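Analysis of the macromolecular model
The lines below spell out each chain.
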Amino acid sequence: VVPLVLVMRILSPMIKFKFIKIRSDRIGHFIYDGAEWFSRSKLKSEYKLFFCIIGNTPNKQWEKMLKRSLCIKPIYKYIYIWNEFLPGPKAFTKSKSLTGSRDITMLYQKTKFDFNFTNNEETKCKEWLLNKGWKTSQPFICIIVRDDAFHSNLPSDRIYYHQYRNSDIEAFNSSITWLIKKGYWVIRMGHKTEKALSIRSHKFIDYSFDKNKRDLLDIWIFANCTACITTGTG
């Protein structure tokens, strides 16, 4: 790979390029940064963009969808890594969002944002929801409330720092009940949460504790919900 990196650098005045590392250590950044670069890749640019993902990812479905939509190849990862060992690597690479993982330039309004699920993925997810008693076209709302379980693997001092972002899910009981009475299904999301909610309604799904939860459903449910209520998970 090293000779290839050197050749590309030599050719860079004639063929402008950037190797982009999509941040993948946190689900929030992984989702947003991947979507941001997907949108940016559709805008006119003087640079040819190549993308890589380095290390483990928090959601394999989103990783799969990015690889279907962006120019991501295994070799690009090694080009990115070895380029970092040479002087002036930043002239040829980017490693994060250009806007702090926030759509402050209304990027999604300027581009056609069209991440799609395969027919097989759609079928699997709808079957899961239909088995809960849901009927096709019924609206459902996602609710995700961050609590102490979110960063339970961090050192105690770091957990304390992040506690200001946490809330008690039981404070949302009356809101969930109200939405159900209005005819909505409500799905409580979350990969890891402290406690389950005991709301007696077939239209409430505590997905956070569902034994069949998986990466595909994580993405599909959010992509297809009518609305989302969130405390901001960070």
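Whatever comes next refers back to the structure up there.
My aim in this report is to walk through the structure given alongside it, one point at a time. This structure is a prediction, so every number in the text was calculated from the model and none was measured.

Here the focus is the overall build of the protein chain. In terms of regular secondary structure, the protein chain is built from 9 helices and 7 strands. Projecting the C-alpha coordinates of the protein chain onto the three principal axes gives extents of approximately 65 × 45 × 30 Å. Considering the protein chain as a whole, with its 234 residues, one finds that 40% of them fall into the buried category. Surface accessibility of the protein chain: about 13,700 Å² in total, with carbon and sulfur atoms responsible for 55%.

Read across the sheet, 3 strands follow the order β2-β1-β3 without closing on themselves; strand pairing throughout is parallel. In this open sheet, the two edge strands, each paired with only one partner strand, are β2 (48–52) and β3 (93–94). With 2 bridges joining them, strand β1 (residues 17–21) and β3 adopt parallel strand pairing. Residue pairing across strands places isoleucine 20 opposite lysine 94, the latter belonging to β3. Set on the sheet, helix α4 (residues 74–83) makes contact with β1, β2 and β3; between it and β2 the angle comes to about 95°.

With that settled, consider the sheet that holds strand β5 (residues 185–188). Spatially, the 4 strands line up as an open sheet ordered β6-β5-β4-β7, and their pairing is parallel. Unpaired on one side and paired on the other, β6 (204–206) and β7 (227–230) mark the two borders of the sheet. Put simply, the sheet's adjacent strands are angled 20° from each other on average, direction ignored. As judged from the 4 bridges shared by strand β4 (residues 140–144) and β5, these two strands associate in the parallel manner. Residue pairing in the sheet places isoleucine 141 in a bridge with valine 186 of β5. Across the sheet, helix α9 (residues 215–224) lies against β4, β5 and β7, angled at about 120° from β4, the strand it touches most.

Moving on, we come to the pattern of salt bridges. Under the definition given, this model contains 11 salt bridges. The salt bridge involving arginine 40 is made with glutamate 36; its shortest N-O contact spans 2.8 Å. Of this pair, arginine 40 and glutamate 36 both sit in helix α2 (residues 27–40), 4 residues apart, roughly one helical turn. Glutamate 36 matches arginine 40 in its accessibility class, with the two residues each being buried. Linking lysine 195 and aspartate 168 is a salt bridge whose minimum nitrogen-to-oxygen distance equals 3.2 Å. Of the two residues, lysine 195 is situated in the loop between β5 and β6 and aspartate 168 in the loop between α7 (156–162) and α8 (173–181); the sequence distance between them amounts to 27 residues. For lysine 195, a relative accessible area of 32% gives the class partly exposed.

Rules of the game
- Residues numbered from 1 in each chain as written.
- Predicted model: local features only at pLDDT ≥ 70, side-chain atom pairs only at ≥ 80, totals over all residues.
- Heavy atoms only, no water.
- Helix = DSSP H or I, 4+ residues; strand = E, 2+ residues; numbered from the N terminus.
- Buried < 20%, exposed > 50% of the residue type's maximum accessible area, 1.4 Å probe, protein only.
- Areas by Shrake-Rupley, 256 points an atom, 1.4 Å probe, with all protein chains shown as cover.
- Pairing = 2+ DSSP bridges.
- Contact = heavy atoms within 4.5 Å.
- Axes fitted to C-alpha atoms, helices over the stretch in contact; angles between N-to-C directions.
- Salt bridge = Lys/Arg side-chain N within 4 Å of Asp/Glu carboxyl O.

Any functional reading would require information beyond the geometric quantities listed.
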